[in-house]
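Coordinates in review
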Amino acid sequence: MPTSRPAIDLVRYWSEEEFAESQSVWDELRGRSVADPLFMAWDWQWLWWQHHRDLMGGSLAIVACYAGGELVGLAPFYLHTATHRGRVRASRLELIGSTFRDGRGVFSEYLDIIVDRDRAAEACAAIAGHLLADRRWDGLVVGNTPTTGPAAQMIRHHFAQGCLVREIDPLESHVVELPRGFASYLGTLSGSMRRKLWNQRSKLVDPVLVVAGPDQIHGVFHQIDAFHLRRWNSPQYVGAARAFHFALAPMLLKRGALRLSTLYSAGTPIAVMYNVRLGETEYNLQSGFDPERSTGLSPGYLHFGYCMEAACHEGVQRFDLLAGEGRFRQYKRDFNSTEVPLITFQVIRARRLKFLYSVYTIVAGGSWRLRRSRRPDSMLMEAQ
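All of the points below concern the structure found in this document.

Calculation criteria
Sequence positions are assigned chain by chain, starting from 1 and proceeding in written order. Local features in this predicted model are restricted to residues of pLDDT 70 or higher, and side-chain atom pairs are both shown and tallied only at a pLDDT of 80 or more, whereas totals for entire chains, interfaces and linings draw on every residue. Only hydrogens and water are removed before side-chain values are computed, so all heavy atoms of the structure are retained for them. Helix and strand definitions follow DSSP, with helices as H or I runs of at least four residues and strands as E runs of at least two, each counted in order from the N terminus. When accessible area is computed with a 1.4 Å probe and restricted to protein chains, residues below 20% of their type maximum are described as buried, those above 50% as exposed, and intermediate ones as partly exposed. It only takes one pair of heavy atoms within 4.5 Å for two residues to be counted as in contact. To be clear on the numbers: accessible area is Shrake-Rupley with a 1.4 Å probe, and residue cover counts the displayed protein chains and nothing else. A residue counts as positive if it is Lys or Arg and as negative if it is Asp or Glu; His and the chain ends are not included. Note that the charge is assigned to NZ on lysines, CZ on arginines, CG on aspartates and CD on glutamates. What counts as a ring pair is set by centres within 6.5 Å for rings of Phe, Tyr and Trp (its six-membered ring), and what kind of pair is set by the plane angle: stacked under 30 degrees, edge-to-face over 60, tilted for all other angles. Consider the ring centre and the ring normal. A charge sits over the ring if Lys NZ or Arg CZ is within 6 Å of that centre and within 35 degrees of that normal.

**Quick look at the overall build of the protein**
- When you go through the protein residue by residue, the secondary structure sums to 11 helices and 13 strands.
- If you line up the protein on its principal axes, its C-alpha atoms span 65 × 60 × 35 Å.
- Taking all 384 residues of the protein together, the buried fraction comes to 55%.
- Partitioning the intrachain contacts of the protein with sequence separation of at least 6 by distance along the chain shows that 74% fall at a separation of at least 24.
- Of the roughly 16400 Å² of accessible surface on the protein, 51% is carried by carbon and sulfur atoms.
- One way to put it: in the protein the 45 positive side-chain charges average out to a point 7 Å from where the 39 negative ones average out.

**Comments concerning the packing of aromatic side chains**
- The final tally for this structure, using the stated rule, is 21 aromatic pairs.
- Taking 6.5 Å as the distance between ring centres and 70 degrees as the angle between the ring planes, the aromatic pair formed by Tyr-331 and Phe-335 counts as edge-to-face. The residues Tyr-331 and Phe-335 share a single accessibility class, namely buried.
- Through a chain of ring-to-ring contacts, the aromatic side chains of Trp-14, Phe-19, Trp-26, Trp-42 and Trp-46 assemble into a single cluster.
- Note that Arg-201 overlies the ring of Tyr-306, its terminal NZ or CZ placed 3.9 Å from the centroid.
- Positioned over the ring face of Trp-137 is Arg-349, at 3.7 Å from the centre of the ring.

So, to be careful, I would describe these as geometric facts and stop short of saying anything about function.
In structure tokens, the structure reads:
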């Protein structure tokens, strides 16, 4: 006879101390969920909070639910004060990793709640009930979340009654499904793309791909900044972003997940790439190239080619280019990628905010207008 599972019998907020000490239970639950292994891992979430807490002026509001003493759900929110439509201040619950329409923070994707996949509906209902009973918040934001994930289902099923729910700022991440061999992948691409990823290697002089060790991490980040200054007139790693990634990269290296590399030609760096490999997926967080070397050559694409070839050889099945566009176009489609839709949910509960957005709807033409979202320009470099 199958043993009946205990019902969810405890739902409560975690303290900061519990969050700090939760790595093992957090990641164990994430392994039983569909939550993303990078952006929803304890490492990313904890470091993001540490480097944005003062910036956002917030306090933790992580909802944890248990069944018979076992952790079965986590909703990692924080509570802070936000300004709506440029004039009305109100309290907002927002997922850790998100700074809704505020470009100061480190950009995160695939944000979600973390629920045991076998108890998803039950855990979502318990988390929603706990949040709705908390009268401290006027609005709630779940940013850059998968359109069919647990958070999306929770918002649609449990917050529509009594709240105004907006689905806004659509994004698409771009995922490349890698075959076993790099030659097979090249065969799926257009002729021009094969030239950029492969044929142009003949134009390089003594090409070398160097993967950074512990003593080289900061130097590679500085090189990304140097390329970024030449192309975008501003460095990439400043403020919270600098502190966050300088703390995250050594942690990833210790886990064997960091793929921070530089492509050299004739002893000179021509492209850099900040990747993270977890399981069968490699994520491209940042890439950059020397714009002065891009005449008749595509250093960024060549670097992608070297990294994707290594990924194929080492058994990686997905190369995730994440969201965002290039400077002039959506270059990620060149890789024969599959688009994964993301959406941001804005839940409005306070009456005054509902009225404000109702007026905005009328002024805007009678319907909610979806604003095409993109990663901040400072997070992007077109793969020239």
